[in-house]
Amino acid sequence: MWKNRLAFALLYAALLVLLILFSKPFLLAALIVLVVLAVLMALLTRRDARLLRTSVRVKSGGREGETVPMTFTFAPKRRLLAAQSILVAVESRNDMFGVSVHKYLVFDLADDQQEYTIGVPLVWCGKVTFRCISVQVRDMFGLFSSKAKPFSEICTVVYPHHVRVLTELSSATIGATRNDGVMQNRKGSDASEIFDIRDYVPGDDIRTIHWKLSGKTDELIVRQASAPSHYNIALLPDFGRSHLAGPEAQQELNAAVAIASSVAERLIRRGVPFCTVVPTKQGIERFEVCTERDFHELLPRWLSFPVQETGGSGLRYFVMEHLDRYFTRLLIFSAGRYEQDLSGLDSRVGVLVLSAVSGIKTARVEGSGSCSIMELPAEQDINEVYRVVC
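Quick caveat, the model's predicted, so the values are computed rather than measured.

What about the environment of R207?
Alright, step 1. With respect to the element layout, R207 can be found in the loop between strand 11 (186-199) and helix 3 (211-217).
Alright, step 2. For R207, a relative accessible area of 68% translates into the label exposed.

Let's talk about the UniProt feature "transmembrane region" (unreviewed entry) in the protein chain
Alright, step 1. Feature annotation in UniProt assigns "transmembrane region" (unreviewed entry) to the following positions: residues 5-22 and 28-45.
Alright, step 2. Helix makes up 100% of residues 5-22 and strand makes up 0%, while its end C-alpha atoms are separated by 26 Å.
Alright, step 3. Along residues 28-45 one finds 100% helix and 0% strand; the C-alpha atoms at either end are 26 Å apart.

Quick word on helix 4 (residues 249-269)
Since one α-helical turn is 3.6 residues long, residues separated by three or four positions face the same way.
Alright, step 1. Across its 21 residues, helix 4 extends 30 Å between first and last C-alpha, which sits within 8% of the 30 Å expected from 1.5 Å per residue.
Alright, step 2. Positioned one or two residues after helix 4, G271 has a phi angle of 80°, which is positive.

Observations regarding the packing of helix 4 against helix 5 (residues 292-302)
Alright, step 1. Close contact between helix 4 and helix 5 brings their axes to 10 Å; oriented N to C, the two are set at 165°. With respect to helix 5, the element helix 4 is oriented roughly antiparallel. With respect to the hand of their crossing, helix 4 and helix 5 are arranged in right-handed fashion. Along its contact with helix 4, which presents V257, A260, S261, A264, E265, I268 and R269, the element helix 5 presents E292, F295, L299 and W302.
Alright, step 2. Here the contact of helix 4 with helix 5 is built from residues that sort into seven nonpolar, one polar and three charged.

Some points on the sheet that holds strand 6 (residues 115-121)
Alright, step 1. Pairing is antiparallel in the open sheet, where three strands are placed in the order 1-3-6. Every other strand in the sheet has two partners, leaving strand 1 (52-58) and strand 6 as the edge strands with one partner each. For this sheet, the mean angle separating the axes of adjacent strands, direction not counted, is 20°.
Alright, step 2. Two elements, strand 3 (residues 67-76) and strand 6, share seven bridges in a ladder whose sense is antiparallel. Opposite V68, over in strand 6, you have V120 as the bridge partner.
Alright, step 3. Sheet strands touched by helix 2 (residues 25-51): strand 1 and strand 3. Its angle to strand 1, the strand with the most contacts, is close to 45°.

Describing unusual backbone geometry
Glycine aside, negative phi is the norm for most residues, and most peptide bonds take the trans geometry.
Alright, step 1. Even without being a glycine, S23 presents a positive backbone phi close to 55°.
Alright, step 2. Its place among the elements puts S23 in the loop between helix 1 (2-22) and helix 2.
Alright, step 3. With a phi close to 55°, H322 is a non-glycine residue in the positive phi region.
Alright, step 4. Its location among the elements puts H322 in the loop between helix 6 (313-320) and strand 16 (329-335).
Alright, step 5. By relative accessible area, H322 is classed as partly exposed at 36%.

Quick notes on the rules
Residues numbered from 1 in each chain as written. Predicted model: local features only at pLDDT ≥ 70, side-chain atom pairs only at ≥ 80, totals over all residues. Heavy atoms only, no water. Helix = DSSP H or I, 4+ residues; strand = E, 2+ residues; numbered from the N terminus. Buried < 20%, exposed > 50% of the residue type's maximum accessible area, 1.4 Å probe, protein only. UniProt positions renumbered as here; feature names shortened; annotations may be inferred. Expected span 1.5 Å × (residues − 1). Axes fitted to C-alpha atoms, helices over the stretch in contact; angles between N-to-C directions. Parallel < 35°, antiparallel > 145°, perpendicular 65-115°, else oblique. Left-handed = near helix turned anticlockwise from the far one by under 90°. Contact = heavy atoms within 4.5 Å. Nonpolar A, V, L, I, M, F, W, Y, C, P; charged D, E, K, R; others polar. Pairing = 2+ DSSP bridges.

Shown next, in the form of structure tokens:
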């Protein structure tokens, strides 16, 4: 735009010099026309910006490494008179890793076209928020721009790629879980305890009807039984934003998320319930997962949590809150070589660290006793199947 303004200024200055030198009426008329044209463009551009309404839509979810369409809609209330192009400044922020990218997009307006679609590459796993910094309407001569109303924030969730894993349950468990209420009971088939009550629906076993309560409410009420047992396996993502300084950060962090997601999905499909322990700024958040529905509800929520600042904080929270008392097996997911001290947990809970590491071609296992570290290639072969003893 500055080039167009410079050219206009030079033209105006040249005409002004010629007018002073030769005093020709047509030169004066040309100067007046330029001034009127500039004022008219400025006013019409401002008018078009006020009439313009911008909205954006993007696919609600996609896989890391894919490109998803993002569609911009420019819908004026009335016909635009001076607008020739629109400049949109957009910030895309990954809420999980705190990575932000600013982009400037220019759309040349065409007759009767209101929608423009671009491809957005999904680079980082996690929830991505698109925020409009500004929308500027430019006139047909490229001299003036005026700000229009920005569009509202929109979000999408970037899911990790799939890692082929086979899970086996380990016998290297230590201790026994305590049953003092740290975890919630869940629905099951133990009729001796009531998990919840609800209205009767056709097909329910009549033996589950709570007759006494039904008599008081004049409606059929059904008892839902509970399973008082607790989970033995805890999954702990333990990577931090400080890892972003490394040269292989993107590959390792994305791989760590993919490994955690794939192992969790494999466990739940085998019918093995677990507890996901997510470190946050406020401490530890615990999520029980015992069905595929639980898993699919948890995954986008986990991908929206900001990752802790430094790796290892999750393990410290886990120990500080004495969660090792409530599980017999702890799975830790890490990006890069895991350097945390696990010796304090050696006699309290069985530990397996699954770490995504760049520069290695095959999986390798280190450690002895009840604590071991399994390093997996951050650049996974899609045909490779990794055996994980959970």
